Amino acid sequence: MDKTCLECGDKIVGREDKKFCSDGCRNAYNNKINKDSTNFMRNVNNKLRKNYRILSILNTDGKSKTTKSKLLSKGFDFEFFTNILETKTGNTYYFVYDQGYRILEDDYYMLVKKEI
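Every value quoted in this text rests on a predicted model; they were computed, and no experiment measured them. (Residues numbered from 1 in each chain as written. Predicted model: local features only at pLDDT ≥ 70, side-chain atom pairs only at ≥ 80, totals over all residues. Heavy atoms only, no water.)

(A) Here's a closer look at unusual backbone geometry. Backbone geometry places Tyr97, a non-glycine residue, at a positive phi of 60 degrees. With respect to the helices, strands and loops of the structure, Tyr97 is situated in the loop between strand 3 (92-96) and strand 4 (99-103). For Tyr97, a relative accessible area of 45% gives the class partly exposed. Positive phi values are uncommon outside glycine, yet Asp107 reaches one of about 60 degrees. By secondary structure assignment, the location of Asp107 is in the loop between strand 4 and strand 5 (108-113). (Helix = DSSP H or I, 4+ residues; strand = E, 2+ residues; numbered from the N terminus. Buried < 20%, exposed > 50% of the residue type's maximum accessible area, 1.4 Å probe, protein only.)

(B) Quick look at the pattern of salt bridges. As enumerated under the stated definition, the model contains 5 salt bridges in all. In this structure, Glu7 engages Lys32 in a salt bridge whose closest nitrogen and oxygen atoms are separated by 2.9 Å. Here Lys32 lies in helix 1 (residues 23-34) and Glu7 lies in the segment before helix 1, a separation of 25 residues in the sequence. Among the residues examined, Glu7 registers a relative accessible area of 25% and is labelled partly exposed. Taking the shortest distance from any N to any O, the salt bridge between Arg26 and Asp23 comes out at 3.1 Å. A residue pair is termed a helical-turn pair when its members lie 3 or 4 positions apart in one helix, as Arg26 and Asp23 do in helix 1 at 3 residues. (Salt bridge = Lys/Arg side-chain N within 4 Å of Asp/Glu carboxyl O.)

(C) Fine view of the nonpolar core. Residues Leu48, Ile54, Leu55, Leu58, Leu71, Phe76, Phe78, Phe80, Val96, Tyr101, Tyr109 and Leu111 constitute the largest nonpolar core, which totals 12 residues. Among the secondary structure elements, those contributing two or more residues to this core are helix 2 (39-58) and strand 5. Not counting the four nearest positions on each side in its chain, Val96 is found in contact with Leu48, Asn51, Tyr52, Leu55, Phe80, Phe81 and Thr82. (Core = buried A, V, L, I, M, F, W, Y, C linked by side-chain atoms within 4.5 Å. Contact = heavy atoms within 4.5 Å.)

(D) Examining the state of the cysteines more closely. Going through the model one piece at a time under the given rule, you end up with 0 disulfides. We note that Cys5 lacks a disulfide partner, and the nearest cysteine sulfur, in Cys8, lies 3.8 Å from it. Look at Cys5 and you get buried, because its relative accessible area is 4%. Cys25 carries a free sulfur, and the closest cysteine sulfur to it, the one in Cys21, is 3.6 Å from it. Taking the relative accessible area as the measure of exposure, Cys25 reaches 12% and is therefore buried. (Disulfide = S-S within 2.5 Å.)

Next comes the structure, spelled out in structure tokens:
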């Protein structure tokens with residue numbers, strides 16, 4: 001039985017489990033599947049990525065402290081995060097994937113990295 005490429009429909013030559021005729025077809029197929037379907041989704045993902053980069057740059061040691069003004073000056077948007085963690089002691093952490101922050105006193109923020 002002849003197998004055809006999932007992207008272009010050409011005949012596949014080679015291994016039995018191959019799905020694509022070339023790397024180009026594989027990349028094109030995966031790019032179509034993984035692209036953001038709407039502008040809204042793309043904008044939200046871009047803001048999450050930007051917030052993640054900012055937290056990663058400011059928190060190289062896994063735990064650090066910064067100010068709200070420093071986060072804002074780098075373009076951090078506090079409305080975009082992926083999850084909230086409330087501890088048994090009543091502290092609330094906001095996470096962007098594995099990078100998080102907790103609001104402290106006097107506009108200071110504790111930055112943390114969740115161990116995965």
